[in-house]
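Breakdown of the fold
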Amino acid sequence: MAHVVCSPCVGTHDTACMKVCPVNCFYDVPLTEVGVDEPADAAGNEELKKMLIISPDECIDCGLCVPECPVSAIFPLDEVPEEEQKYIEINSGWFAGKETEALDAHRITP
Ligand code: SF4
Ligand code: SF4
């Protein structure tokens with residue numbers, strides 16, 4: 001299983017979650033690469049044009065990141081709300097077929 005970052009991260013992106021991840025499995029990706037619309041206030045703010053996603057292959061489901069998120073954007077896979085289900089694919093799809101070098105360019109660590 002894995003944890004999943006959902007829509008509240010879009011437009012927040014404060015990176016608190018990745019600071020506690022014991023396996024550094026958060027990746028900082030442009031919204032355009034995961035098919036999510038940029039928030040209206042993203043103009044001129046590069047940070048708001050990205051979101052963090054979790055590698056489903058690396059996450060160990062420790063749950064430490066969940067309470068760190070100020071907007072409650074992170075859920076265990078089997079607790080992702082119905083209206084957020086598309087974020088399961090958004091988190092996992094970006095990783096498919098990417099070489100290690102391409103992945104590591106987006107890995108975000110404290
Ligand atoms: S559940 Fe644990 S391993 Fe998975 S992303 Fe959160 S902190 Fe990292
Ligand atoms: S998941 Fe939450 S804590 Fe992590 S970057 Fe997004 S808004 Fe911030």
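**Regarding the site of ligand 1**
Close to ligand 1 lie 13 residues; Cys-21, Cys-59, Cys-62, Gly-63 and Cys-65 are nearest. Tallied by class, residues from the shell around ligand 1 come to 10 nonpolar, two polar and one charged.

**Considering unusual backbone geometry**
The phi angle at Asp-61 is positive, at roughly 60°, despite the residue not being glycine. Of note, Asp-61 is situated in the loop between β3 (50–54) and β4 (74–76). At Ser-72, a residue that is not glycine, the phi angle is positive and equals roughly 50°.

**Section: the pattern of salt bridges**
Under the defined criterion, the tally for this structure stands at five salt bridges. Notably, a salt bridge pairs Lys-49 with Glu-46, separated by 3.4 Å at the nearest N-O pair. A salt bridge links Glu-47 to Lys-50, with the shortest nitrogen-to-oxygen separation between them at 3.6 Å. A relative accessible area of 39% places Glu-47 in the partly exposed class. Residue classification places Lys-50 among the partly exposed residues on the basis of a relative accessible area of 21%. Because the salt bridges share partners, they merge into one network encompassing Asp-28, Glu-47 and Lys-50.

**Here we look at the packing of aromatic side chains**
Under the defined criterion, the tally for this structure stands at three aromatic pairs. Taking the centre distance of 6.0 Å and the plane angle of 50° together, the rings of Tyr-27 and Trp-94 count as tilted. Placement of Tyr-27 in strand β2 (residues 26–30) and of Trp-94 in the loop between α1 (86–93) and α2 (100–104) is noted, with a sequence separation of 67 residues between them. By relative accessible area, which is 0% here, Tyr-27 ends up buried. For Trp-94, a relative accessible area of 4% puts it in the buried group. Ring geometry for Trp-94 against Phe-95: centres 5.0 Å apart, planes inclined by 90°, an arrangement best described as edge-to-face. Here the two residues Trp-94 and Phe-95 agree in accessibility, since each one is buried.

Conventions adopted
Residues numbered from 1 in each chain as written. Chains lettered and ligands numbered in written order. Predicted model: local features only at pLDDT ≥ 70, side-chain atom pairs only at ≥ 80, totals over all residues. Heavy atoms only, no water. Near = heavy atom within 4 Å. Nonpolar A, V, L, I, M, F, W, Y, C, P; charged D, E, K, R; others polar. Helix = DSSP H or I, 4+ residues; strand = E, 2+ residues; numbered from the N terminus. Salt bridge = Lys/Arg side-chain N within 4 Å of Asp/Glu carboxyl O. Buried < 20%, exposed > 50% of the residue type's maximum accessible area, 1.4 Å probe, protein only. Phe/Tyr/Trp six-rings, centres within 6.5 Å; stacked < 30°, edge-to-face > 60°.

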